[in-house]
Amino acid sequence: MTENLSENELLQQRRSKLEELRKQGKAYPNSFRRDSLSQDLKTLCFKMTKEELEEKAIEVSVAGRIMLQRIMGKASFITLQDMKGQIQAYVRSNDLPEGEYDEFKTWDLGDIVGIKGTLFLTKTGELTVNASSIEMLTKSLKPLPEKHSGLVDTEQRYRKRYLDLITNQDSLEVFQKRSQIISSVRDFFINHEYLEVETPMMHSILGGASAKPFTTHHNALDMDLYLRIAPELYLKRLVVGGMEKVFEINRNFRNEGLSTKHNPEFTMLEYYTAYADFNDQMNFIEGLFKHITEQVFGTSKLEQEGIECDFSKPFTRIRLKDSVAQKLSVDISVLDNRDFLMEIGEKYKIENLANLSDGKILFELFEELVEDNLINPTFITGYPKDVSPLSRSSDDNDSEVDRFELFIGGKEIANGFSELNDPEDQAERFRDQVAQKSAGDEEAMEFDSDYVEALEYGLPPCAGVGIGIDRLVMLLTGAKSIRDVLLFPQMKPKN
RNA sequence: GGGCCGUUAGCUCAGUCGGUAGAGCAGUUCGCUUUUAACGAAUUGGUCCUGCGUUCGAGUCGCAGACGGCCCA
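Because the structure is predicted, anything quoted here is derived from the model rather than measured. (Residues numbered from 1 in each chain as written. Chains lettered and ligands numbered in written order. Predicted model: local features only at pLDDT ≥ 70, side-chain atom pairs only at ≥ 80, totals over all residues. Heavy atoms only, no water.)

### Concerning the pattern of salt bridges
Side chains carrying opposite charge are able to pair once their charged atoms draw close together. With the rule as written, the count across this model stands at 33 salt bridges. With its nearest N and O atoms 4.0 Å apart, the salt bridge here joins Glu-442 to Lys-212. Pair noted here: Glu-442 is in the loop between α13 (423–438) and α14 (449–458) and Lys-212 is in the loop between β7 (202–203) and β8 (215–218), with a separation of 230 residues, a long-range link. Judged by relative accessible area, which is 53%, Glu-442 ranks as exposed. The class of Lys-212 is partly exposed, set by a relative accessible area of 31%. Among the charged side chains, a network of salt bridges with common partners joins Arg-14, Lys-17, Asp-108, Asp-111 and Lys-139. (Salt bridge = Lys/Arg side-chain N within 4 Å of Asp/Glu carboxyl O. Helix = DSSP H or I, 4+ residues; strand = E, 2+ residues; numbered from the N terminus. Buried < 20%, exposed > 50% of the residue type's maximum accessible area, 1.4 Å probe, protein only.)

This is the structure:
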């Protein structure tokens, strides 16, 4: 927006207040230092009586944004908000130098101020700073959203997240929880001797997942690069290099539509463990979830879609084919029958049916019929090989791979498998991907010969897992949209 | 990509059958020394998302578009 002459009256009023501060040399100072945060003071004084507080006469400096004002003729209450919450201050004309109270009365909601004074309890028992000195630290030129409702307009909440955070406590709490969840994940891995690493975000070969990429260009090298869709192939190179336990928490980019479940950039946890298989990883995940829920929420029991889930108990494990057979109330053996699969596939309107392999049809049926109903934490195993180009083939069934996905609340939360470490098998799977790509599959991988070479040096038997952090945070905070767990979700620019 | 819904004061929202644009909060002015969504009185403030059309007259009806939300693919 361009600055124009007919500027809003509210803005003009505040600007002239700022001009007055400038004249007095009191605009935007940075010499005030606080020594206390709102919630810390409340915790400190929690059990003290009015008399005890008076006797101790605790001197504090607090700072924050004015969220509420109750202005009276010669004394006022204001509510300050800082990073930990809110605290009330009592500003009395008699306790301030001549003229300051009148100046104080021109302060606006949203201004950022510093206050020094002594703690006391009001007659209704609220901890309050009795101001002995006050200072305007940052004049706010724009009025805050309405004080009761906060910022409601969804679009503005995403575009101007700072206003959402100032006025909506719930929103702030989601992001505090997000931070705690990620810390808790890091703790868990570091305690289990994993090394945190960062691998390239810009890839010259597309791989590690099935997705459409963003493309960018490196000028000096005059070459196109993809923003990564997954870190997998780099992390496994590190395992070849002897980093036997590695994890990375970082952004992936996928060139797809936006929805309540998708943002073009999203955060992924991936980790790899040498000398472990997919069964070990399922056990490990159970431990991870128990750790996160207990550490962040203080309980392992959280409600999902109206059902209480206990994350301290072992998760349900069921084979993909069994779950589909159960849903259809048919014997598992009929799912090996192509004609039957075609018939059911038709019934559930699966596209391009004739060109799909049996495995792919089964997979699509699973997504269509079963996925949404997996509310309690459930591991699905026995994935078809042709939807899993990087997974190790199952020892006892050549058409399946040693892979699982974890579903909670009807959403896919984790995907893991025993890694394919046979370079010849891997080369074969890449060739298959390339064929699918030239047949028009935009999401197919490219042949990564450098990766195959790494495998030729020897990737120890290992297993890896990817967990979508945004979805995990949605799950644990009850957020309905991924935009509610991303500070700045992708939006179209206005104008 | 398709369907439905939304966009009115800084914010939260009303606006009937097409006939001068409304409230609460915020702001301004006055009063008020323990209030707490402070209170009482007065008062300022509008690109009704944009464009085109219908009409004597459009916030309201029609068409197109922008942005957003939800659902579906």
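### Thoughts on the protein's contact with RNA strand B
The local shell around RNA strand B holds 45 residues, among which Gln-13, Lys-123, Thr-124, His-148 and Glu-155 are the closest. Those atoms of RNA strand B that come within 4 Å of the protein belong to sugar or phosphate at a rate of 63%. Within the side chain of Lys-123, an N or O atom sits 2.8 Å from a sugar or linking oxygen of RNA strand B. Within the side chain of Glu-155, one N or O atom sits 2.2 Å away from a sugar or linking oxygen of RNA strand B. Contributing elements (two or more residues each) for the surface near RNA strand B: α1 (9–23), β1 (59–71), β2 (75–82), β3 (85–92) and α5 (154–159). The class makeup of the residues in the surface near RNA strand B is 15 nonpolar, 13 polar and 17 charged. (Near = heavy atom within 4 Å. Polar contact = N/O pair within 3.5 Å; in protein donor to acceptor, adjacent residues only side chain to side chain. Nonpolar A, V, L, I, M, F, W, Y, C, P; charged D, E, K, R; others polar.)

### Some thoughts on the nonpolar core
Phe-189, Leu-269, Tyr-271, Ile-285, Phe-289, Leu-406 and Leu-472 are the most contacted members of the largest nonpolar core, which has 41 residues in total. Sorting the residues of this core by element identifies α7 (169–191), β10 (245–253), β11 (265–274), α9 (278–297), β16 (400–408), β17 (411–418), β18 (462–468) and α15 (469–477) as the ones contributing at least two each. If one sorts the elements of this core by residue count, α9 sits on top with 8 residues. Those residues in contact with Ile-285, other than ones at most four positions away along the chain, are Tyr-271, Phe-315, Phe-379, Phe-404, Leu-406, Ala-414 and Val-465. Membership of the second largest hydrophobic core comes to 27 residues, among which are Leu-80, Tyr-101, Val-113 and Leu-119. (Core = buried A, V, L, I, M, F, W, Y, C linked by side-chain atoms within 4.5 Å. Contact = heavy atoms within 4.5 Å.)

### Looking at the environment of Val-174
Relative to the helices and strands, Val-174 is located in helix α7. Val-174 sits 312 residues away from Leu-486 along the chain, and the two C-alpha atoms are 9.5 Å apart.

### Observations concerning the packing of aromatic side chains
Under the counting rule described, the total for this entry stands at 22 aromatic pairs. Measuring from ring centre to ring centre gives 6.3 Å for Phe-188 and Phe-189, while their planes differ by 90°; the resulting arrangement is edge-to-face. Exposure class is identical for Phe-188 and Phe-189. Each is buried. Here a set of aromatic residues connected by ring pairs shows up, and it is made of Phe-188, Phe-189, Tyr-194, Phe-247, Tyr-271 and Phe-284. Positioned above the aromatic ring of Tyr-234, the side-chain terminus of Arg-237 is 4.6 Å from the ring centre. For the cation-ring pair, Arg-403 lies above Tyr-383, with the distance from its terminal atom to the ring centre recorded as 4.4 Å. (Phe/Tyr/Trp six-rings, centres within 6.5 Å; stacked < 30°, edge-to-face > 60°. Lys NZ or Arg CZ within 6 Å of the ring centre and 35° of its normal.)

### Let's talk about the sheet that holds strand β15 (residues 378–384)
Pairing within the open sheet is mixed, and its 8 strands lie in the order β6-β10-β11-β18-β17-β16-β15-β14. Sheet topology places β6 (195–196) and β14 (316–319) at the edges, where each strand pairs with a single neighbour. Of the pairings in the sheet, the one linking β16 to β17 comprises 6 bridges and is antiparallel in character. Bridge assignment links Phe-407 to a residue of β17, and that residue is Glu-412. Packed on one face of the sheet, helix α10 (residues 320–328) meets β14 and β15 and runs near 85° to β14. The strands touched by helix α12 (residues 358–369) within the sheet are β15 and β16, with β15 carrying the most contacts at an inclination of about 160°. (Pairing = 2+ DSSP bridges. Axes fitted to C-alpha atoms, helices over the stretch in contact; angles between N-to-C directions.)

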